[in-house]
Amino acid sequence: GVWPPVTIGDQRYIDGATRSFTSADLAVGHARVAILLPVPPNPLHETRLANEIAVLAAATPAVKTLLLQVDAGAIAAIGRIALDPARRGPALEAGRRQGRAVVDTVRAFWGDHT
């Protein structure tokens, strides 16, 4: 992994992306699931995500999902090496811009469930 495990209290934690970039399947039982994919899509992520959504749908057939993934501007801001510290500022600004652009979509998804 990239980041070492961290101890908080009596618990050990690892970077969640070690298991999956989204861990969407862990939301089984919820009627609405917003899924954040913070990396540029590629076939591996798409296959894993499709499997996770299938797990959700099998457990909760009426589940509604919203996938939010980095857009072209964010991908450009992140650059080829996602862990490059020099890219943090541009990536942050791209994320803020994208967040403002999708806020109405997110509000509509949650409806009166916020």
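Let us now look at the pairing of strand β4 (residues 64-69). One ladder, built from six bridges, connects strand β3 (residues 32-37) with β4; its direction is parallel. Paired with V33 across the strands is T65, a residue of β4. Traced from β3 through helix α1 (residues 43-59) to β4, the parallel crossover comes out right-handed.

Quick look at the packing of aromatic side chains now. The final tally for this structure, using the stated rule, is one aromatic pair. A centroid spacing of 4.9 Å and a plane angle of 70° characterise the contact between F109 and W110, whose relative ring orientation is edge-to-face. Given a relative accessible area of 24%, W110 falls into the partly exposed group. Its guanidinium or amino end placed over the ring of F109, R32 lies 5.9 Å from that ring's centre, counting from NZ or CZ.

Now for the nonpolar core. In this structure, A24, A27, V33, I35, L49, L56 and V63 together form the largest nonpolar core, which totals seven residues. Mapped onto this core, the elements with two or more residues apiece are β3 and α1. Setting aside its immediate chain neighbours within four residues, V33 contacts A27, L56, V63, K64, T65, L66 and F109. If you look at the next biggest cluster of nonpolar residues, it comprises five residues, including A74, A77, I78 and A94.

Attention now moves to a nonpolar patch on the surface. A grouping of V2, W3, I81 and L83 is seen on the molecular surface, where their side chains present a nonpolar patch of about 440 Å² in accessible area. Within the secondary structure, W3 is located in the segment before β1 (6-8).

With that settled, the discussion passes to the environment of N42. Among the structural elements, N42 can be located in the loop between β3 and α1. Counting along the chain gives 21 residues from N42 to F21, while the straight-line C-alpha distance between them is 12 Å. Separated by 2.8 Å, the side chain of N42 and the backbone nitrogen of L44 make a polar contact.

Residue position: L36 is located in strand β3. L36 gets classed as exposed once you look at its relative accessible area, which sits at 55%. Linking L36 and G79, residues 43 residues apart in sequence, is a C-alpha distance of 19 Å.

To continue, consider α1. Compared with the 24 Å implied by 1.5 Å per residue over 17 residues, the 24 Å span of α1 between its first and last C-alpha is a close match. The complete set of buried residues in α1 reads H45, L49, E52 and L56. Buried residues of α1 fall within an arc of 60° about the axis and therefore sit on the same side. What points out from α1, more than 90 degrees from its buried face, is the exposed set P43, L44 and A58. For α1, the secondary structure elements touched by its buried residues are β3 and β4. The distance from a side-chain oxygen at the start of α1 to the backbone nitrogen of L44 is 2.8 Å, and the residue carrying that oxygen is N42.

Reading guide: rules and limits
Residues numbered from 1 in each chain as written. Predicted model: local features only at pLDDT ≥ 70, side-chain atom pairs only at ≥ 80, totals over all residues. Heavy atoms only, no water. Pairing = 2+ DSSP bridges. Helix = DSSP H or I, 4+ residues; strand = E, 2+ residues; numbered from the N terminus. Right-handed = clockwise from strand over helix to strand, strands pointing away. Phe/Tyr/Trp six-rings, centres within 6.5 Å; stacked < 30°, edge-to-face > 60°. Buried < 20%, exposed > 50% of the residue type's maximum accessible area, 1.4 Å probe, protein only. Lys NZ or Arg CZ within 6 Å of the ring centre and 35° of its normal. Core = buried A, V, L, I, M, F, W, Y, C linked by side-chain atoms within 4.5 Å. Contact = heavy atoms within 4.5 Å. Patch = residues over 30% accessible without salt bridge, like charges linked within 9 Å, V, L, I, M, F, W, Y side chains within 5 Å. Areas by Shrake-Rupley, 256 points an atom, 1.4 Å probe, with all protein chains shown as cover. Salt bridge = Lys/Arg side-chain N within 4 Å of Asp/Glu carboxyl O. Polar contact = N/O pair within 3.5 Å; in protein donor to acceptor, adjacent residues only side chain to side chain. Expected span 1.5 Å × (residues − 1). Arc of directions from axis to C-beta.

The analysis is restricted to geometry; functional conclusions fall outside its scope.
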